[in-house]
Amino acid sequence: MDAIQQHMIDSYRAAQRGELPPPLPGRHDWGVVREARERRRFEAVIAGRPAYGRRWAALRSLVGKLGRSGRSGKSRKSRKSGKFGKCRPSGA
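The structure presented is a predicted model; accordingly, all values stated were derived computationally and were not measured.

Reading guide: rules and limits
- Residues numbered from 1 in each chain as written.
- Predicted model: local features only at pLDDT ≥ 70, side-chain atom pairs only at ≥ 80, totals over all residues.
- Heavy atoms only, no water.
- Salt bridge = Lys/Arg side-chain N within 4 Å of Asp/Glu carboxyl O.
- Helix = DSSP H or I, 4+ residues; strand = E, 2+ residues; numbered from the N terminus.
- Buried < 20%, exposed > 50% of the residue type's maximum accessible area, 1.4 Å probe, protein only.
- pLDDT = per-residue confidence, 0-100.
- Contact = heavy atoms within 4.5 Å.

*Asks:* What should I look at first to understand the pattern of salt bridges in this one?
*Replies:* It is possible for side chains of opposite charge to pair when their charged atoms get near one another. Inspection of every chain in the model, using the stated rule, returns two salt bridges. In this structure, Arg41 and Glu38 form a salt bridge, with 3.3 Å as the shortest nitrogen-oxygen distance. Here Arg41 and its partner Glu38 are both found in helix α2 (residues 29-47), three residues apart, which amounts to about one turn of the helix. What makes Arg41 partly exposed here is its relative accessible area of 23%. Residues Arg39 and Glu43 are paired through a salt bridge, measuring 2.9 Å at the closest nitrogen-oxygen approach. Here the residue Arg39 and the residue Glu43 both occupy positions in helix α2, the gap between them amounting to four residues, near one helical turn. On the basis of relative accessible area, Glu43 is assigned to the partly exposed category, the value being 39%.

The structure is reproduced here in structure tokens:
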């Protein structure tokens with residue numbers, strides 16, 4: 001049974017009992033996502049961790065580790081050669 005079918009059954013039961021029907025499926029999804037994000041930030045602050053930028057910091061450290069261990073200096077230089085790797089004179 002999917003969410004629409006369950007909603008139809010719940011709406012039928014609410015009508016039988018004279019109650020308000022339940023909200024449509026998916027109506028409050030973004031609110032739940034926002035609340036979960038705020039809860040995670042709150043718990044980070046309480047635990048003494050930074051509340052913002054944790055994912056980017058983890059990604060930066062992971063990319064930094066991969067860059068140091070997985071590649072040689074020669075491949076980096078060859079990637080920079082070309083029109084984007086050249087510097088312009090300071091007067092131009």
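After that view of the structure, there is still more to cover.
*Asks:* Please explain the confidence of the model for the chain as it appears in this structure.
*Replies:* Interpreting fine coordinate detail is not advised for predicted regions of low pLDDT. Across the chain, pLDDT averages 80, with 74% of residues at or above 70. Mean pLDDT values for the elements of the chain range from 51 in helix α4 (residues 73-80) up to 95 in helix α1 (residues 3-17).

*Asks:* I would appreciate a short explanation of the side chain of His7 in the present structure.
*Replies:* Within the element layout of this structure, His7 appears in helix α1. We classify His7 as buried; its relative accessible area is 16%. Not counting chain neighbours up to four residues away, the residues in contact with His7 comprise Pro22, Pro23, Leu24 and Pro25.

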